[in-house]
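# Reading the structure
Read off the chains here:
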Amino acid sequence: LKVNGLTGAIPCTIGNLSRLEFLVLGNNILSKQIPFELQNLGSLQKLVLGNNELSGHIPPYLFNNTPLLRIICLGNNSLSGVGALPLLQSLYLKYNQFSGNIPTTIYNMSRLQYVNLAYNNLTGSIPSNQTFSLPMLKFISLSSNNFVGRISYGLAACHYLQTLDLSFNSFADLPQLIYLYLGRNQLVGSIPTVLSNLTRLTLLDISFGNLTGHIPTEVGVMGELSTLHLGTNQLTGPIPTTVGNLSKISFLNLQKNQLSGSVPSTLGNGISAS
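Residues numbered from 1 in each chain as written. Predicted model: local features only at pLDDT ≥ 70, side-chain atom pairs only at ≥ 80, totals over all residues. Heavy atoms only, no water.

Within an unreviewed UniProt entry, the label attached to the chain reads Leucine-rich repeat-containing N-terminal plant-type domain-containing protein, and the organism entered is Eragrostis curvula.

## Section: the pairing of strand E11 (residues 121-124)
Where burial is concerned, the two faces of E11 differ: the one with Leu 122 and Gly 124 is buried and the one with Asn 121 and Thr 123 is not. One ladder, built from 2 bridges, connects strand E9 (residues 99-100) with E11; its direction is parallel. Among the inter-strand pairings, Gly 100 is bridged to a residue of E11, identified as Leu 122. Note: E11 against strand E13 (residues 146-149), 2 bridges, orientation parallel. (Buried < 20%, exposed > 50% of the residue type's maximum accessible area, 1.4 Å probe, protein only. Helix = DSSP H or I, 4+ residues; strand = E, 2+ residues; numbered from the N terminus. Pairing = 2+ DSSP bridges.)

## What about a nonpolar patch on the surface?
On the surface, Ile 178, Tyr 179 and Tyr 181 cluster together to form a nonpolar patch covering roughly 350 Å² of accessible area. Of note, Ile 178 is situated in the loop between strand E15 (170-171) and strand E16 (179-181). A relative accessible area of 37% places Ile 178 in the partly exposed class. (Patch = residues over 30% accessible without salt bridge, like charges linked within 9 Å, V, L, I, M, F, W, Y side chains within 5 Å. Areas by Shrake-Rupley, 256 points an atom, 1.4 Å probe, with all protein chains shown as cover. Salt bridge = Lys/Arg side-chain N within 4 Å of Asp/Glu carboxyl O.)

## Section: the pattern of salt bridges
On inspection of all chains with the given rule, the structure shows 1 salt bridge. Between Lys 248 and Glu 224 there is a salt bridge, with its nearest N and O atoms 2.8 Å apart. Taken together, the residues Lys 248 in the loop between strand E21 (236-237) and strand E22 (251-253) and Glu 224 in the loop between strand E19 (210-211) and strand E20 (227-229) connect sequence positions 24 residues apart. Of the residues examined, Glu 224 reaches a relative accessible area of 34% and is grouped as partly exposed.

## Overview of the nonpolar core
Counting residues in each nonpolar core, the largest one holds 66 residues, and the members touching the most others are Ile 34, Leu 47, Leu 74, Leu 204 and Leu 225. If sequence neighbours within four positions are ignored, Leu 225 has contacts with Leu 201, Thr 202, Leu 203, Leu 204, Val 219, Leu 246, Lys 248 and Ile 249. (Core = buried A, V, L, I, M, F, W, Y, C linked by side-chain atoms within 4.5 Å. Contact = heavy atoms within 4.5 Å.)

## Side note on the sheet that holds strand E6 (residues 71-73)
Spatial ordering of the open sheet is given by E2-E4-E6-E8-E10-E12-E14, a layout of 7 strands whose pairing is parallel. With one partner strand each, in any of the chains shown, strand E2 (22-24) and strand E14 (163-165) form the two edges of the open sheet. The average angle at which neighbouring strand axes cross in this sheet is 10 degrees, direction not considered. Across 3 bridges, the pairing between strand E12 (residues 139-141) and E14 is parallel. Residue pairing in the sheet places Ile 140 in a bridge with Leu 164 of E14. (Axes fitted to C-alpha atoms, helices over the stretch in contact; angles between N-to-C directions.)

Below, the structure is given as structure tokens:
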């Protein structure tokens, strides 16, 4: 029943459909809370309630009796609370009001391929590789939350990972970092301004991705940079004049973007530009 003009609450009597495998009510104007009676859908494989006006907590026992559930899409609502499932493949919860730490069980769903938790109020850090096991992961977005700490080493074991979006958080608390290679990873979103906190960084390579937005002016405070490679992305806007503050820069690559304006006259004479 997706993409209609359905309004009001989700009928609790849907919970009586014990053989129902797909419940797709996305892109409507449904409101109020998700009825706890949906926990009776023991055959459910796909639950899509995204792009509505649902609010309140996800019923705490909603997923206890739905072991076959593979796809959960609850994005673009005003929900809070989250569950976990062993067979889950896709988890869409972006644009809600989830807060606090992500339940550790989510980091141990061996079949999970797609995770989008962007634009919430989630906090805490991503656990280390001892408690992080998502071997089938292809896409994960934790953008625009309040995560802190180091980027988990567990992500290195995600050999199928194609998109990693950690923008607009407080990651990268790595004050001793000197080299940062993130090129050829299909990264999306804008360049996080928090990278400017890496004041000892001498090499920054985030080339060959899908980065968008402007080059942040804060890059000018990274005084130790000798190599800056942002080539082959989708960056727009002018080259910030603060790049001229990088007195130690010897290699700057901004090619194959969508930059505009003139090359700042502040760029140093010793640069090998391309």
